[in-house]
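Read off the chains here:
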Amino acid sequence: FQRFFRLYDRLSGMTGTASEAADEFWRIYRLPVVRIPTHRPCVREVRPDRVFADAESKWTAVADGIAGLHARGVPVLAGTRLIGSSEELARRLAARGLEFRLLHAIHHREEAQIVAEAGLPGRITIATNMAGRGTDIRLGDGVAGLGGLRVVATERHESLRIDRQLFGRCARQGDAGEVCVFVSM
C-alpha cells in the first residue's frame, strides 16, 4: 500500500500511536511526526499482565474476568489477535450464557455500529485487534461510575503499537477506563 500513498500530492494523517513509528513514517513516506497533546488528560489504568502456565488456564481466567465485570454492568471490549481466538472466547462465553457481539475485521457494514455500542452498560464485545479502529466508543449512562470501559487483551501482539491501538479504545477524552492483558506460556 505504501507505494499507492506516494501518488497523492498531499499526505497526512492522525493516530495516537504514530510517535513510536516516527522513523518508519520518515523512511517510507518522508513525513515527520508531530506530537499533539491530548484534549484531556488520559486516566487509563493499565494493569500488569496476567501470566498463566497454559492456554486453558488463561482462557478460563479471561472468561471468569469478563463474566465478573458483566455481572457488575461494566462494558468489556475483548481484543484478540486471530479470528480463531475470538471464536474460542465466544464459545466460552456462550457456554456461560453470556450475550456478546463478535466482531471480526470482515464485518465491514456492521463494524462501526458494533464498536460504537461497546461502551453501553454490561455490553461484551469481542473483536480482533484490527476491527473497529477509528470509531469512538462513548460510555453509556452510569458506566463512568463503574470505572469506564474495560479492555481485555487475550494475548500480546508482536508490535507494541498494535497493542496500544487496542488499549486506546478505552479512557478516551478523559473518560475512565482500564486495560488488562492475559498471556500464557
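Residues numbered from 1 in each chain as written. Predicted model: local features only at pLDDT ≥ 70, side-chain atom pairs only at ≥ 80, totals over all residues. Heavy atoms only, no water.

Draft legend 1. Looking closely at a nonpolar patch on the surface. On the surface, a nonpolar cluster with roughly 300 Å² of combined accessible area is contributed by Phe5, Tyr8 and Leu11. Mapped onto the elements of the fold, Phe5 is located in helix 1 (residues 2-5). We classify Phe5 as partly exposed; its relative accessible area is 35%. (Patch = residues over 30% accessible without salt bridge, like charges linked within 9 Å, V, L, I, M, F, W, Y side chains within 5 Å. Areas by Shrake-Rupley, 256 points an atom, 1.4 Å probe, with all protein chains shown as cover. Salt bridge = Lys/Arg side-chain N within 4 Å of Asp/Glu carboxyl O. Helix = DSSP H or I, 4+ residues; strand = E, 2+ residues; numbered from the N terminus. Buried < 20%, exposed > 50% of the residue type's maximum accessible area, 1.4 Å probe, protein only.)

Draft legend 2. Examining the layout of surface pockets more closely. The computed volume of the largest pocket comes to approximately 1900 Å³. What lines the largest pocket is a set of 47 residues, and nearest its centre among them are Met14, Thr15, Gly16, Thr17 and Ala18. Secondary-structure elements contributing two or more residues to the lining of the largest pocket are helix 2 (22-29) and helix 6 (160-167). In this structure, the second largest pocket spans a volume of roughly 160 Å³. If you trace the second largest pocket, you find 14 residues lining it, with Leu69, Val152, Glu178, Cys180 and Phe182 closest to the centre. Those elements that provide at least two residues to the lining of the second largest pocket are helix 3 (55-71), strand 6 (149-153) and strand 7 (177-184). Sorting elements by how many residues they give to the lining of the second largest pocket places helix 3 first, with five residues. (1 Å grid on protein atoms, 1.4 Å probe; cavity = no way out; pocket = protein on both sides within 12 Å on 5 of 7 lines; lining within 4 Å. Points joined across faces, edges and corners; volume = space filled by probe spheres on them.)

Draft legend 3. The arrangement of the nonpolar core in detail. Grouped together as the largest cluster of nonpolar side chains are 20 residues, with contacts concentrated most on Val62, Ile66, Leu89, Leu93, Ile126, Val152 and Phe182. At the level of elements, helix 3, strand 3 (76-80), helix 4 (83-95), strand 5 (124-128) and strand 7 are the ones that each hand at least two residues to this core. Per-element accounting of this core gives the leading share, seven residues, to helix 3. With sequence-adjacent residues up to four places away left out, Ile126 is seen in contact with Ala78, Thr80, Ser86, Leu89, Ala90, Leu93, Phe100, Arg101, Leu102 and Leu103. Ranked by size, the runner-up nonpolar core spans 17 residues in total, among them Leu103, Leu149, Ala171 and Val183. (Core = buried A, V, L, I, M, F, W, Y, C linked by side-chain atoms within 4.5 Å. Contact = heavy atoms within 4.5 Å.)

Draft legend 4. Layout of the packing of aromatic side chains. Tallying each qualifying case throughout the model produces three aromatic pairs. Ring pairing ties together the aromatic residues Phe5, Phe25 and Tyr29, which thus form one cluster. When the ring centre of Trp59 is taken as origin, the NZ or CZ atom of Lys58, which lies over that ring, is 4.3 Å away. (Phe/Tyr/Trp six-rings, centres within 6.5 Å; stacked < 30°, edge-to-face > 60°. Lys NZ or Arg CZ within 6 Å of the ring centre and 35° of its normal.)

Draft legend 5. Geometry of helix 3. The terminal C-alpha atoms of helix 3 lie 24 Å apart, and with 17 residues this matches the ideal 24 Å at 1.5 Å per residue to within 8%. All buried positions along helix 3 are accounted for by Lys58, Trp59, Ala61, Val62, Ala63, Ile66, Ala67 and Leu69. On its buried face, helix 3 sits against strand 2 (50-52), strand 3, helix 4, strand 5, strand 6 and strand 7. Put simply, Asp54 is the residue that caps the front of helix 3, since its side-chain oxygen is 3.2 Å from the backbone nitrogen of Glu56. (Expected span 1.5 Å × (residues − 1). Polar contact = N/O pair within 3.5 Å; in protein donor to acceptor, adjacent residues only side chain to side chain.)

Draft legend 6. Quick look at the environment of Leu120. Checked against the element boundaries, Leu120 lands in the loop between helix 5 (108-116) and strand 5. Along the primary structure Leu120 and His104 are separated by 16 residues, whereas in three dimensions their C-alpha atoms are 19 Å apart. Not counting residues up to four positions away in its chain, the partners in contact with Leu120 are Pro75, Gly140 and Val143.

Draft legend 7. Local environment of helix 4. With 13 residues, helix 4 should reach 18 Å at 1.5 Å per residue; the first-to-last C-alpha distance of 18 Å fits that figure. For helix 4, the complete set of buried residues consists of Ser85, Ser86, Leu89, Ala90, Arg92 and Leu93. For helix 4, the arc enclosing every buried residue in end-on projection is 165°, short of the 170-degree limit, so these residues lie on one face. For helix 4, the secondary structure elements touched by its buried residues are helix 3, strand 3, strand 4 (101-103) and strand 5. Of the residues trailing helix 4, Gly97 is marked for its positive phi of about 80°. (Arc of directions from axis to C-beta.)

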